[in-house]
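Residue strings, one per chain:
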Amino acid sequence: MQTELSSLHFLNDLNKEQSEAVTLNDQSALILAGAGSGKTRVLTSRISWLIHNQITSPGSILAVTFTNKAAKEMMLRITSQLPINTRGMWVGTFHGLCNRFLRTHHQDAHLPETFQILDSQDQLSAIKRLMRSSNIDEENFPPREVQYFINANKEIGLRSQNVKTYDAHTSKINEIYLNYEKQCQKEGVVDFAELLLRCYELFKKNQPILEHYQDRFKHILIDEFQDTSELQYKWIKLLVGQNNSVFAVGDDDQSIYSFRGARVSNMKDLQKDFHIKKVIKLEQNYRSKNNILNAANAIINNNDNRLGKKLWTAAGDGDLIRKYVGLSDYDESNFIIDEIKQLHRSGLNYNQIAILYRSNAQSRVIEHAIVSNNIPYRVFGGLRFFERAEIKNALAYLRLITNKSDDNAFLRIINFPTRGIGAKSIEQIQDISKKNNASLWHGAIEFKSPTSNTQKKGIPYFVDLIKTIEDEIHGLTISESIEIIIERSGLKNHYLKEKDNIDRLANLSELISAAVTFTETSDVEEPTINLIEFLNYTSLESGELQASSNEDALQLMTIHSAKGLEFDAVFITGLEDGLCPHEQSLAEQNGLEEERRLMYVAVTRAKMKLYLTLAQSRMLHGQTRYNLPSRFLDEIPDELIKAINTTKKIDLIPSPRKTQTNYLSDKYTWKIGSSIQHPKFGQGIVTGYEGHEDDLRIQIKFANHGTKWLAMEYAKLSEA
DNA sequence: GTACTCGTCATTTTT
DNA sequence: TGACGAGTAC
């Protein structure tokens, strides 16, 4: 076996720890894989190794990821490593896999065969609809809060009847949760969290089904394990059972999603629950230069409760990290653009340069600077393809035809494009449906309209329209069906009428192409099933537009969305206390540690060059704010940093903004935004003032002593 | 049914 | 500052 091992090309060049992980026996394992340490490679090589050595067959492997992108990447790598048929292998996201289990066992899961998936938007509108029909005040019970409540409880495995409530308000919300469950059941739809919970319950309540899968999946592998939620962990435990092994890869230092239910503690629980004696640590980094890694290590070292890990590289020190303190957000952006122009001139592609920020609002100023310099760029985040209104509208026709109980879909298109059905008519339909405890579609059929349907208007016309489309698309491919829907529904005409809607029409064509691609890659023959699967696909796959990714453009994104990516040069911007760490995170339990992990993720994205930038003043929510430098900057050893502007004398620089020309007085040279030094309170920033000359009092925000008012006459201030 | 105004509220996000 | 939703006016 040894000789054969070394002949396997996918095992070549693995370091000691990597190959130890890849070639582990049939035992559960936790691989602590630092940023850039070859995590995905280990995971895929492990699968290839298991199969190649006939320890297991592809059909016994279940691999779970968090995103479709990661799942695809994994599949791609495995097929390039091994010339095998991977069809029996289950590789997918938690949601995708749960969907698959539920489809197969829809009866045992008490779901209709045609059940559809609600995305977050759909879920919110379902909740709003429910609340309106039961006359619940949206002021007292904001639908978003209700949505959060429902999801948070589902994510820890709680149904409404199991939720403990201690006050009237929460009880009421929980009552909405109960009714929401009923409504979804009646309409035959499941939300994202429901996919997981329902699947968990399926396994829990049906021993034969559980045993069947436990017998089948001998090797369960999990990517980004630090991001698993409580329910996901319980699901894994159930499926692994007593006899199978779990191979989890993760990095506790990169856990940045606790706000949506991720539980790092699952890593410790895994060791305990599966008797893992030795955690394999992958600490050699193949991405970044040493100065960058040292900064990352220094930052993350300030966190308690780590599993412990120190990245190193053989790649050399590289450049120093560059730090720039801008006078304003505007100045900061200009510095970034100037620097990027130079990098580009020296031969770096734009798409190898990333500008990262903590919150989306920060991108605007930067975008402005980019646009005025005519540099191509791409902002990540925002609306995804299948979330666009025109796409959802077209799909809603398809959904309603597939499942007449889908009231969400019904309401979306009953009067879109407008066909003279107003709020009153819809109310009447809702009344009829409620009386008969039936779907809105049935209510519409029952509806006796005074208007004729010759004018292409009114409810009977709508009912006819749906029936006609249904007949017409019978037996057609999905793409043909969509084409007919876009035409017959009037969507095409509607969007043709308005000039601003060229993009929308283009997107609808794109939807048709997406359907063609889907059908080509699908191995399902039955058209009805295929249609249902396509609809699922559109809910589960957000459809990040890949088309423009080849284009050489600057990459702008939040630190969160940068996780898993790498760039030659990275600018981490807005490094100010209040922004990064974000002020709202400080109130949360372990909030600062999570922010620090965020900073760690950001730093470790950089391969060659890292820039840290901040601004002394910044426009936020329509007000100029004066933030102190981020505390994380102080955590990086000085010798790793090269300050580009030796803290400019703020007064000497002509200011681009009016507010900064407000000198406090003739006697003192400080202005709002100046850094000062106080003998007792240390470093601070001038944030306001009142009075004049001898009476002058100034407000100072100190790094460690809060905000204070001081009389200029007595305070012994000096410039910092 | 649409076009406007006004008030409110501003982390991070995949499925 | 500016995006979005609700409410109002036509």
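Residues numbered from 1 in each chain as written. Chains lettered and ligands numbered in written order. Predicted model: local features only at pLDDT ≥ 70, side-chain atom pairs only at ≥ 80, totals over all residues. Heavy atoms only, no water.

### Remarks on unusual backbone geometry
Move 1: For the bond running from F416 to P417, omega is -5°, close enough to zero to count as cis.
Move 2: Looking at the secondary structure, you find P417 in the loop between α17 (407-413) and α18 (423-436).
Move 3: In this structure, the amide linkage connecting C580 to the following residue, P581, adopts the cis form with an omega of 5°.
Move 4: Tracing the backbone shows P581 in the loop between β13 (567-572) and α26 (583-586).
Move 5: Phi at H110 takes a positive value of approximately 60°, unusual for a residue other than glycine. (Helix = DSSP H or I, 4+ residues; strand = E, 2+ residues; numbered from the N terminus.)

### As for the packing of aromatic side chains
Move 1: Summed over all chains, the structure comprises 25 aromatic pairs.
Move 2: Look at Y324 and F335: their rings are 4.0 Å apart centre to centre, the planes differ by 0°, and that puts the pair in the stacked class. Here Y324, found in strand β9 (residues 321-328), pairs with F335, found in helix α14 (residues 329-345); they are eleven residues apart in sequence, far enough to count as distant. Residue Y324 shares its accessibility class with F335, and that shared class is buried.
Move 3: With 5.7 Å between their ring centres and 90° between their planes, F410 and F462 make a pair best called edge-to-face. In this pair, F410 sits in helix α17 while F462 sits in helix α20 (residues 458-473), placing the two residues 52 residues apart along the sequence. (Phe/Tyr/Trp six-rings, centres within 6.5 Å; stacked < 30°, edge-to-face > 60°. Buried < 20%, exposed > 50% of the residue type's maximum accessible area, 1.4 Å probe, protein only.)

### Describing the nonpolar core
Move 1: Counting 47 residues, the largest nonpolar core has L398, F410, F462, I482, L511 and F534 as the members making the most contacts within it.
Move 2: Beyond its immediate chain neighbours, meaning those up to four positions away, I482 contacts L398, L511, I512, A515 and F534.
Move 3: Membership of the second largest hydrophobic core comes to 43 residues, among which are L30, L62, L97 and Y233. (Core = buried A, V, L, I, M, F, W, Y, C linked by side-chain atoms within 4.5 Å. Contact = heavy atoms within 4.5 Å.)

### Structural notes on the packing of helix α3 (residues 39-52) against helix α4 (residues 68-81)
Move 1: Contact pair α3 / α4: the axes reach a minimum separation of 9 Å and the direction vectors enclose 50°. Overall, the two elements α3 and α4 adopt an arrangement that is oblique. Between α3 and α4 lies a crossing whose hand is right-handed. Facing α3, whose interface residues are T40, R41, L43, T44, S45, I47 and S48, α4 presents E73, M74, R77, I78 and Q81. (Axes fitted to C-alpha atoms, helices over the stretch in contact; angles between N-to-C directions. Parallel < 35°, antiparallel > 145°, perpendicular 65-115°, else oblique. Left-handed = near helix turned anticlockwise from the far one by under 90°.)

### As for the protein's contact with DNA strand B
Move 1: Close to DNA strand B lie 30 residues, the nearest being S120, R358, R384, T558 and E588.
Move 2: Separating a phosphate oxygen of DNA strand B from a backbone N or O atom of N360 is a distance of 2.8 Å.
Move 3: Across the surface near DNA strand B, the residue classes break down as six nonpolar, 19 polar and five charged. (Near = heavy atom within 4 Å. Polar contact = N/O pair within 3.5 Å; in protein donor to acceptor, adjacent residues only side chain to side chain. Nonpolar A, V, L, I, M, F, W, Y, C, P; charged D, E, K, R; others polar.)

### Quick notes on the pattern of salt bridges
Move 1: The final tally for this structure, using the stated rule, is 42 salt bridges.
Move 2: Residue E541 pairs with K72 through a salt bridge whose shortest N-O separation is 3.6 Å. Of this pair, E541 sits in the loop between α24 (527-540) and β12 (554-558) while K72 sits in helix α4, and the two are 469 residues apart along the sequence.
Move 3: With a closest N to O distance of 2.8 Å, E635 and R596 form a salt bridge. On the criterion of sequence distance, the pair formed by E635 in the loop between α28 (631-634) and β16 (641-643) and R596 in helix α27 (residues 591-603) is long-range, its members being 39 residues apart.
Move 4: Overall, the relative accessible area of 7% leaves R596 in the buried class.
Move 5: Each of the salt bridges in this network shares a partner with another, and the network as a whole consists of K154, R159, E181, D191, E194, R198 and E201. (Salt bridge = Lys/Arg side-chain N within 4 Å of Asp/Glu carboxyl O.)

### Examining the protein's contact with DNA strand C
Move 1: Around DNA strand C, a shell composed of R132, R364, H621 and G622 is seen.
Move 2: For DNA strand C, the fraction of atoms within 4 Å of the protein that belong to sugar or phosphate moieties is 42%.
Move 3: Each residue belonging to the surface near DNA strand C can be placed in one class, and the counts come to no nonpolar, two polar and two charged.

### Quick notes on the environment of I413
Move 1: Relative to the helices and strands, I413 resides in helix α17.
Move 2: Apart from the residues within four sequence positions on either side, I413 is in contact with N393, A396, Y397, L400, R419, F462 and I466.

### What about the confidence of the model for chain A?
Interpreting fine coordinate detail is not advised for predicted regions of low pLDDT.
Move 1: When pLDDT is averaged along chain A, the result is 89; 92% of the residues meet or exceed 70.
Move 2: Predicted confidence is poor over residues 1-6, with pLDDT under 50, and the contacts of this stretch with residues over four places away or in other chains come to eight contacts.
Move 3: Counting interchain partners and residues more than four positions distant, the pLDDT-below-50 stretch residues 648-662 has 31 contacts. (pLDDT = per-residue confidence, 0-100.)

### Quick notes on the sheet that holds strand β7 (residues 245-250)
Move 1: Within the open sheet, the six strands sit side by side as β3-β2-β6-β7-β1-β8. Their pairing is parallel. Every interior strand has two partners, whereas the edge strands, β3 (90-93) and β8 (280-282), have only one. For this sheet, the mean angle separating the axes of adjacent strands, direction not counted, is 15°.
Move 2: Sheet topology places strand β1 (residues 29-33) next to β7; four bridges connect them, and they run parallel. In the strand pairing of β7, L32 is matched with G250.
Move 3: Contacts from helix α5 (residues 94-104) reach β2 (61-65), β3 and β6 (219-222) within the one sheet, and its direction differs from that of β3 by about 120°. (Pairing = 2+ DSSP bridges.)

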